[in-house]
Amino acid sequence: MGDGGNLEASIDRLLNEEKQMRLAENVAGTRKAATEILQLCFEAKDWKLLNEQILNLSKKRGQLKQAVQSMVQQAMQYIDQTPDIETKIELIKTLNNVSAGKIYVEIERARLTRKLAKIKEDQGQIAEAADLMQEVAVETFGAMAKTEKIAFILEQVRLCLDRQDYVRAQILSRKINPRVFDADTKKDKKKPKEGENIVEEAPADIPTLLELKRIYYELMIRYYSHNNEYLEICRSYKAIYDIPSVKENPEQWIPVLRKICWFLVLAPYDPMQSSLLNATLEDKNLSEIPDFKILLKQVVTMEVIQWTALWNKYKDEFEKEKSLVGGSLGDKAGEDLKLRIIEHNILVVSKYYSRITLKRLAELLCLSIEEAEKHLSEMVVSKALIAKIDRPSGIVCFQIAKDSNEILNSWAVNLEKLLDLVEKSCHQIHKETMVHKAVLRS
């Protein structure tokens with residue numbers, strides 16, 4: 001086919017054949033003629049003619065859907081065999097134009113868009129790549145495999161994070177329900193009923209569901225790290241930790257478990273944090289990293305923690321995180337760790353004292369009086385505890401002011417307890433009297 005005249009003559013012959021088959025609505029014949037034309041152009045390495053023929057054939061009057069689909073699928077195989085990047089981009093754009101607005105080639109269009117976005121990203125055009133990917137809403141594609149859909153959405157999220165568009169990254173991430181990763185893949189697939197869409201098999205390069213789970217949570221860690229949402233970061237690491245392939249390999253789960261411990265300590269106190277903390281303490285694997293077990297126990301135990309001693313002990317471990325999976329804990333992590341220890345100590349003091357001087361509180365917290373007052377005020381504002389400060393006297397009161405109803409109720413309860421005790425005492429006295437009388441009579 002090196003001779004241009006022979007190529008043109010062969011294409012003309014096949015075009016006439018394609019026309020006859022198309023008008024006769026012969027699907028197999030039309031498909032064969034169209035794909036043979038593309039094959040001739042490819043073998044001749046005439047990329048310009050290939051693009052022209054793809055556009056020309058797709059615009060033919062009454063062109064069959066099956067023929068367009070076969071042409072797009074065949075031309076996609078030629079993309080990786082193009083001589084240079086410009087030719088590759090031109091072929092992808094041609095196929096994108098042909099598949100635009102056609103539901104029967106929507107999956108092919110999504111794959112083409114992903115290829116083009118990858119090229120743009122390699123060229124350093126992150127924003128353009130992200131914009132390209134966002135144009136495709138794969139969650140509406142009924143025939144696309146579940147794993148391929150998830151992989152595509154995760155790619156959209158990653159590009160948004162790379163361009164620091166955190167709002168759009170969050171919106172896109174919500175298209176994936178985390179429960180989908182817990183689906184039992186071992187169950188036999190149900191055969192589609194008549195009239196249902198047949199779901200295509202995912203390409204070989206698409207990761208498995210468990211691999212996608214790890215990618216998803218790693219991206220969510222990147223997102224939550226932007227706003228220092230420590231508890232959510234911890235939950236994401238917990239999800240990675242529960243992946244069977246991670247749990248079976250100590251080299252993988254030890255760095256992840258370290259991160260879980262750090263972010264549990266860094267997270268502000270709330271019921272979810274407390275529940276995760278206690279669940280982690282019960283994990284048998286924690287005995288492999290005893291220093292972190294001690295750290296969590298210190299946080300759980302209602303005793304004052306000396307910040308200086310704790311930091312001297314864990315400073316090296318804190319710095320070591322930079323070289324482990326997931327990288328450093330963040331720019332503010334050191335400051336936030338100190339803040340959490342101060343908050344813990346204030347909660348401990350509030351448990352043991354109903355009233356305390358600011359000076360004594362500052363001594364227990366190893367802070368100045370002004371800093372102690374500031375941290376205490378912030379915790380009161382955030383409703384972490386209830387306290388009142390008498391500034392002229394320099395006294396902090398942790399007692400909750402009760403209203404008249406609560407006082408009356410407590411009195412009523414106390415009176416009831418007192419009457420119960422009196423009744424029991426009377427009964428015991430009466431019993432003893434009866435016993436003595438019986439002894440005397442005998």
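Note that the structure is predicted; figures quoted are calculated from it, not measured.

What counts and what doesn't
- Residues numbered from 1 in each chain as written.
- Predicted model: local features only at pLDDT ≥ 70, side-chain atom pairs only at ≥ 80, totals over all residues.
- Heavy atoms only, no water.
- Pairing = 2+ DSSP bridges.
- Helix = DSSP H or I, 4+ residues; strand = E, 2+ residues; numbered from the N terminus.
- Axes fitted to C-alpha atoms, helices over the stretch in contact; angles between N-to-C directions.
- Salt bridge = Lys/Arg side-chain N within 4 Å of Asp/Glu carboxyl O.
- Buried < 20%, exposed > 50% of the residue type's maximum accessible area, 1.4 Å probe, protein only.
- Polar contact = N/O pair within 3.5 Å; in protein donor to acceptor, adjacent residues only side chain to side chain.
- Contact = heavy atoms within 4.5 Å.
- Phe/Tyr/Trp six-rings, centres within 6.5 Å; stacked < 30°, edge-to-face > 60°.
- Lys NZ or Arg CZ within 6 Å of the ring centre and 35° of its normal.
- Core = buried A, V, L, I, M, F, W, Y, C linked by side-chain atoms within 4.5 Å.

Asker: Is there a simple way to explain the sheet that holds strand E1 (residues 355–357) in this structure?
Answerer: Backbone-to-backbone hydrogen bonds join strands into a sheet, with any given pair of strands oriented parallel or antiparallel. Strand order in the open sheet made by the three strands is E1-E3-E2, with antiparallel pairing throughout. Each edge of the sheet is formed by a strand with only one pairing partner; in this case those strands are E1 and strand E2 (388–390). Here the strands of the sheet are splayed against their neighbours by 25° on average, with no regard to which way each runs. Bridge count for E1 against strand E3 (residues 395–397) is three bridges, and the pairing is antiparallel. Looking at the pairing, Arg355 lines up with Cys397 of E3.

Asker: Mind showing me how you'd approach the pattern of salt bridges here?
Answerer: When their charged atoms lie close together, side chains carrying opposite charge are able to pair. Within the structure shown, the criterion is met by 22 salt bridges. Note that Lys118 and Asp122 form a salt bridge whose closest N and O atoms lie 3.0 Å from each other. Of this pair, Lys118 and Asp122 are both found in helix H6 (residues 106–122), four residues apart, which corresponds to roughly one turn of the helix. Judged by its relative accessible area of 43%, Lys118 is partly exposed. For Asp122, a relative accessible area of 56% translates into the label exposed. With a closest N to O distance of 3.1 Å, Lys175 and Glu139 form a salt bridge. With a gap of 36 residues between them, Lys175 in the loop between helix H9 (166–173) and helix H10 (209–226) and Glu139 in the loop between helix H7 (126–134) and helix H8 (146–162) connect regions that are remote in the sequence. Linked by salt bridges that have partners in common, Glu121, Glu155, Arg158, Asp162 and Arg222 make up one network.

Asker: For this particular structure, what's the right way to read the environment of Ile407?
Answerer: Along the chain, Ile407 falls in helix H20 (residues 404–441). On a C-alpha basis, the gap between Ile407 and Leu209 in space is 59 Å, while along the polypeptide they are 198 residues apart.

Asker: Explanation requested: unusual backbone geometry in the structure shown.
Answerer: Only a minority of non-glycine residues have a phi that is not negative, and only a minority of peptide bonds are not trans. In this structure, Asn228 is a non-glycine residue whose phi angle is positive, near 55°. Structurally, Asn228 is set in the loop between H10 and helix H11 (230–241). Look at Cys366: it is not a glycine, yet its phi comes out positive at around 60°. Within the fold, Cys366 resides in the loop between helix H18 (358–365) and helix H19 (369–381).

Asker: Is there a simple way to explain the side chain of Gln63 in this structure?
Answerer: Along the chain, Gln63 turns up in the loop between helix H3 (47–58) and helix H4 (65–76). Looking at Gln63, its side chain comes within polar contact range of the main-chain oxygen of Leu57, at 2.7 Å. Residues contacting Gln63, with those up to four places away along its chain left out, are Glu18, Arg22, Thr30, Leu57, Ser58 and Val68.

Asker: Explain the packing of aromatic side chains here, please?
Answerer: Aromatic ring pairs are defined here through the distance separating the ring centres and the angle between the ring planes. Throughout the structure, instances matching the rule amount to 13 aromatic pairs. On the numbers, 6.4 Å between centres and 55° between planes, the contact of Phe181 with Tyr217 is tilted. Here Phe181, found in the loop between H9 and H10, pairs with Tyr217, found in helix H10; they are 36 residues apart in sequence, far enough to count as distant. When its relative accessible area of 3% is taken as the criterion, Phe181 is described as buried. Pairing Trp262 with Phe292 gives two aromatic rings, centres 5.5 Å apart and planes at 90°, and the pair type is edge-to-face. Taken together, the residues Trp262 in helix H13 (residues 250–266) and Phe292 in helix H15 (residues 290–300) connect sequence positions 30 residues apart. Residue Phe292 is classed as buried on the basis of its relative accessible area, which comes to 1%. Members of the aromatic cluster, joined through ring pairs, are Trp262, Phe292, Trp307, Trp311, Tyr314 and Phe318. Here Lys45 stacks its cationic end above the ring of Phe42, 4.1 Å away from the centre of that ring.

Asker: How should the nonpolar core be read in this particular structure?
Answerer: If you look at the biggest cluster of nonpolar residues, it comprises 75 residues, and the most contacted ones within it are Val138, Ile150, Ile176, Phe181, Ile260, Trp262 and Phe263. Beyond its immediate stretch of four places on either side in the chain, Ile260 contacts Cys234, Tyr237, Lys238, Tyr241 and Thr280.

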